[in-house]
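# A look at the structure
Take a look at the letters that make up each chain.
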Amino acid sequence: MTKLKIVWTKIDEAPALATHTLLPIVQAYTKGSGIEVETKDISLTGRIIANFPDKLTDEQKIPDCLKQLGELAKTPDGNIIKLPNISATIPQLQAAIKELQEKGYDIPDYPEEPKNEADKALQAKFAKVLGSAVNPVLREGNSDRRPAASVKKFAQKFPHKMMRDWPETGSKARVVHMDEKDFFESENSTTMEKACDVKIEFVDDDGNVTVLKDKISLLAGEIIDTAVMNVAGLRKFYAEQIDAAHKDGVLLSLHLKATMMKVSDPIMFGHCVSVYYKDALEKHAYLLDEIGANVNNGLAGVLEKLDKLPADKKAEIEADIAAVYENRPALAMVDSRKGITNLHVPNNIIVDASMPNVVRDGGKMWNNDDQLQDCIAMVPDRCYATMYKEILENAKKNGQFDPSTMGSVSNVGLMAQKAEEYGSHDKTFEASAAGKIRVVDFSGVTLLEQTVEVGDIFRMCQVKDEPIRDWVKLAVTRAKASESPAIFWLDERRGHDTEIIKKVNKYLPDHDTTGLDIHIMKPVDAMKFSLKRIRKGEDTISVTGNVLRDYLTDLFPILELGTSARMLSIVPLLNGGGLFETGAGGSAPKHVQQLLKEGHIRWDSLGEYCALVPSLELIAEKTNSEKAALFAETLDQAIGKYLENARYPSRKVNEIDNRGSTFYLAMYWAQALATQNKDVSVQARFAKAAKALKENETKITEELLAAQGKPVDLGGYYLPDPEKATKVMRPSATFNAIIDAM
């Protein structure tokens, strides 16, 4: 593999469509420079096809690109631009399978309720595709996530208009969490003194042992922890909050992350559905069980199964479900026009994307009348709920945040080598009976143990020593470079965090921290510290574990930049390569829906533009390629001009969209390359292109706008037809001719 190669990931939904516009430009511009840009398919359908090749034709088969990229990420030559992909829930997986089957791919159905060993094996195979299947494989390094200087400067000069005032008369909005029997309370942890293999066992009250996970290989210095969510306590919490929301006349909302916590959170989501709709679901429990209704897939997991029933019985159950709303609090809506509530499907409301909007919208969510209304936000587990609670209370007391003056909270995130909760899917289990779940080494010694009741959710997590050591180093490096305080968000009351704190205190002295302001604080205290600085326009570095990394790098950017897609996300890989992530894809489905309906795609590719800069810089650093350095420098200039001239996509049809934005980025980049004087050959090559783009600016923008205002056909949602997608995303013949001629 040449060190001048950049791998661009082929993924899903809006960012995948935007690639049809942007990638041909990148490939055309770098042609002849020795820089190669190739794609690897790690989309949801790509992962399904790669894992189920047995009955496919040779033309349909594709290699396991995720596995290939996972190996590449462990080498010094890794240079990967990672766009946001679908972290699939079961409903999304099923929809993708259905689309593939309709296109002639012989892919088996997902066995939602396995009836035999073959079904169980099939379910286990599909588990490789579900949830956070991609990120743990590629993230062979820790995360450095922050707004690029040009992006932050622009955001303060031209603040976004989405912030809504918190009512001066007071707000009933609040974040609520469990006070007992959650993961936080039960967590215990230990650090491995030496390498060994362990297994996870369930021991029932009669002493019968069932092996849940037969082998987990642990390294010396590795931290492991276990925790249990008590479902009786969880259901009690839900019931209390339902009553409180009804009494206060506020919306009820649930905020989990079922896409990433793909075992635990759908179960927690299902318990909320079953408590809220208790009267209807218990009345018809036998029948619903018989037809395979699954509350873990949300209310939709019940409604979609009703077609199996006679029409009169279906109508009766639907009427009983509708009657529930008469004595329950109103639910926050995802789409009031379609009657889709917060409890409809588990992947509609994702905590890291939804909670920032509650803050941004003044403690409100949308109700059934398409109006904003105060809400109770349920974030059951205390591990991270407290910091959301603190920012909400801060906004209540001090008023809304001001994007034109607020400081930034960048992040150094511990995520290398499947660190922490997001890597725990294969070690999360639902207790089949009362007893104990324990982690046992192969000599029979019990390392950690949890008492469980039937239905309780057990989770074991792990984090290796090398990523922690690298994480501490990265935190010190960023503190020096930014001259900002660095705060480790760790709570000594959590078993896991206690072990992490020991290592932080061990590895910090390995670095020169003279003059640096470095602290360890509980998440709630770290939030207080950061918010005080934010309101004074001061910057802070949050140094966090993997989940808080995900949450905070949506929370603060959505408030200060309007979107987390504008963040610079650099992952210095442990073995010397680089992974460059391009922002969040939480809004990607809505963008595709608008494109299909109106021919307008508002996805902002600024994240991709920004990620390409350090990717090119890495090539320049490793190979002394002057052309790579020049492309990076001029692209950065083009991004600044793109922002200054407000060429980002509009939300409204018949105004500039992603395709127009990328045209302007291409023009500004060509102009920067044509006017630089470091490389005469590059200057000459781009002088012609820059001139042609500028002279045809009006014609090109007219052609791009003419493509809007009517429905489009992509030939598929999860697997669009490539020719149709290209036709939709490259509708300007004039623009295409200039780019293709290069």
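Shown above is the structure to which this text applies.
A few points on the structure. For clarity, every value in this text was computed on a predicted model and none was experimentally measured.

### Brief notes about the overall build of the protein chain
Helices and strands together make up the secondary structure of the protein chain, namely 28 helices and 24 strands. Relative to its length of 742 residues, the protein chain is compact, with a C-alpha radius of gyration of 26 Å against a globular reference of 27 Å. Considered along the principal axes of its C-alpha atoms, the protein chain spans approximately 80 × 65 × 65 Å. A burial count over the protein chain gives 59% of its 742 residues as buried. For the protein chain, restricting intrachain contacts to residue pairs at least 6 apart in sequence, the fraction spanning at least 24 positions comes to 79%. With the model as given, the accessible surface of the protein chain reaches about 29700 Å², and the carbon-plus-sulfur share is 48%. Averaging the positions of the 95 positive and the 108 negative side-chain charges in the protein chain gives two centres separated by 4 Å.

### Topic: the packing of helix α24 (residues 658-675) against helix α26 (residues 697-706)
Look at α24 against α26: their axes get within 10 Å of each other, and the N-to-C directions meet at 160°. Taken as axis vectors, α24 and α26 run roughly antiparallel relative to one another. In this structure, α24 crosses over α26, and the sense of that crossing is right-handed. Facing Arg659, Gly660, Phe663, Tyr664 and Met667 of α24, the residues of α26 in contact are Glu697, Ile700, Thr701 and Leu704. A breakdown of the residues in the contact of α24 with α26 according to their chemical character gives five nonpolar, two polar and two charged.

### With respect to the pattern of salt bridges
Applying the stated criterion to the full structure yields 47 salt bridges. For Asp374, the salt bridge identified is with Lys364, shortest N-O distance 3.1 Å. Of the two residues, Asp374 sits in strand β14 (residues 372-378) while Lys364 sits in strand β13 (residues 364-366), which places them 10 residues apart along the sequence. One salt-bridge network, held together by shared partners, links Glu187, Glu421, Arg459 and Arg494.

### Remarks on the nonpolar core
By size, the foremost hydrophobic cluster in this structure holds 78 residues, and its most contacted members are Trp8, Tyr29, Leu612, Ile639, Trp669, Phe686 and Leu693. If we ignore the near neighbours within four places in the chain, the residues touching Tyr29 are Phe631, Ala666, Met667, Trp669, Ala670, Leu673, Arg685, Phe686, Leu693, Ile739 and Met742.

### Some thoughts on the environment of Leu548
Structurally, the position occupied by Leu548 is in helix α20 (residues 546-560). By relative accessible area, Leu548 is classed as buried at 3%. With 79 residues separating them along the chain, Leu548 and Arg469 place their C-alpha atoms 18 Å apart.

### Observations regarding unusual backbone geometry
In this structure, Asp370 is a non-glycine residue whose phi angle is positive, near 60°. Residue class for Asp370 comes out partly exposed when judged on its relative accessible area of 45%. The backbone of Ala646 sits at a positive phi, close to 50°, despite the residue not being glycine. Tracing the backbone shows Ala646 in the loop between α23 (626-644) and α24. Given a relative accessible area of 37%, Ala646 falls into the partly exposed group.

### Some thoughts on the sheet that holds strand β2 (residues 36-41)
Read from one edge to the other, the open sheet built from 10 strands follows the order β2-β1-β3-β24-β23-β4-β15-β22-β20-β21, with strand pairing classed as mixed. Each edge of the open sheet carries a strand with a single partner, namely β2 and β21 (518-521). Between one strand axis and the next, the sheet turns by 20° as a mean value, whatever way the strands run. Pairing of strand β4 (residues 143-147) with strand β23 (residues 567-572) involves four bridges; the strand directions are antiparallel. Paired with Arg145 across the bridge in β23 is Ser569. On the sheet, helix α17 (residues 465-482) packs against β4, β15 (409-414), β20 (486-489), β21, β22 (540-545) and β23 and is oriented at approximately 160° with respect to β15.

### Side note on the pairing of strand β3 (residues 79-82)
Side chains on a regular strand alternate between the two faces of the sheet. Residues Asn79 and Ile81 of β3 are buried on one face, and the alternating residues Ile80 and Lys82, pointing to the opposite face, are buried as well. Relative to β3, strand β1 (residues 5-10) runs parallel, the two being bridged by two bridges. Residue pairing across strands places Val7 opposite Ile80, the latter belonging to β3. Relative to strand β24 (residues 578-581), β3 is paired through four bridges, and the arrangement is parallel. Its bridge partner lying in β24, Ile81 is registered against Phe580.

### Digging into α24
If you check α24, its first and last C-alpha atoms are 26 Å apart, about what 18 residues at 1.5 Å a residue would give, namely 26 Å. With 17 of 18 residues buried, α24 is to be regarded as a mostly interior element.

### Considerations on the environment of Val547
Structurally, the position occupied by Val547 is in helix α20. Here the alpha-carbon distance between Val547 and Ile437, two residues 110 residues apart in the chain, equals 24 Å. With residues near it in sequence (within four places) discarded, Val547 still touches Met261, Tyr384, Glu421 and Tyr422.

### Quick look at the sheet that holds strand β18 (residues 446-452)
Pairing within the open sheet is antiparallel, and its four strands lie in the order β8-β7-β17-β18. Two strands lie at the open edges of the sheet, namely β8 (209-218) and β18, each paired on one side alone. Adjacent strand axes in the sheet meet at a mean angle of 15° when their direction is disregarded. In this structure, strand β17 (residues 435-441) lies alongside β18, joined through six bridges in antiparallel fashion. Within β18, the residue paired with Ile437 across the bridge is Gln450.

### So, the side chain of Ser564
Tracing the chain through its elements places Ser564 in the loop between α20 and β23. For Ser564, a relative accessible area of 4% gives the class buried. Here Asp554 takes part through its side chain, which lies 2.4 Å from a polar atom of the side chain of Ser564.

### As for the pairing of β20
By the alternation rule, side chains of β20 split into Ala486 and Phe488 and Ile487 and Trp489, which are all buried. Here β20 runs beside β21; their pairing, made up of four bridges, is parallel. By the bridge assignment for β21, Trp489 is matched with Met521. The parallel pair β20 and β21, bridged by helix α18 (residues 495-507), forms a crossover whose chirality is right-handed. Inspection of the sheet shows β20 paired to β22 by three bridges, in the parallel sense. Each residue of the ladder has a partner; that of Ile487, found in β22, is Ser542.

### Considering the side chain of Ser264
Relative to the helices and strands, Ser264 resides in helix α10 (residues 264-276). Accessibility expressed as a relative area gives 4% for Ser264, which makes it buried. In terms of polar contacts, Ser264 uses its side chain to reach the side chain of Asp265, at 3.0 Å.

Calculation rules
Residues numbered from 1 in each chain as written. Predicted model: local features only at pLDDT ≥ 70, side-chain atom pairs only at ≥ 80, totals over all residues. Heavy atoms only, no water. Helix = DSSP H or I, 4+ residues; strand = E, 2+ residues; numbered from the N terminus. Rg over C-alpha atoms; globule rule 2.2 N^0.38 Å. Buried < 20%, exposed > 50% of the residue type's maximum accessible area, 1.4 Å probe, protein only. Contact = heavy atoms within 4.5 Å. Areas by Shrake-Rupley, 256 points an atom, 1.4 Å probe, with all protein chains shown as cover. Lys, Arg positive; Asp, Glu negative; His and termini not counted. Charge placed at Lys NZ, Arg CZ, Asp CG, Glu CD. Axes fitted to C-alpha atoms, helices over the stretch in contact; angles between N-to-C directions. Parallel < 35°, antiparallel > 145°, perpendicular 65-115°, else oblique. Left-handed = near helix turned anticlockwise from the far one by under 90°. Nonpolar A, V, L, I, M, F, W, Y, C, P; charged D, E, K, R; others polar. Salt bridge = Lys/Arg side-chain N within 4 Å of Asp/Glu carboxyl O. Core = buried A, V, L, I, M, F, W, Y, C linked by side-chain atoms within 4.5 Å. Pairing = 2+ DSSP bridges. Expected span 1.5 Å × (residues − 1). Polar contact = N/O pair within 3.5 Å; in protein donor to acceptor, adjacent residues only side chain to side chain. Right-handed = clockwise from strand over helix to strand, strands pointing away.

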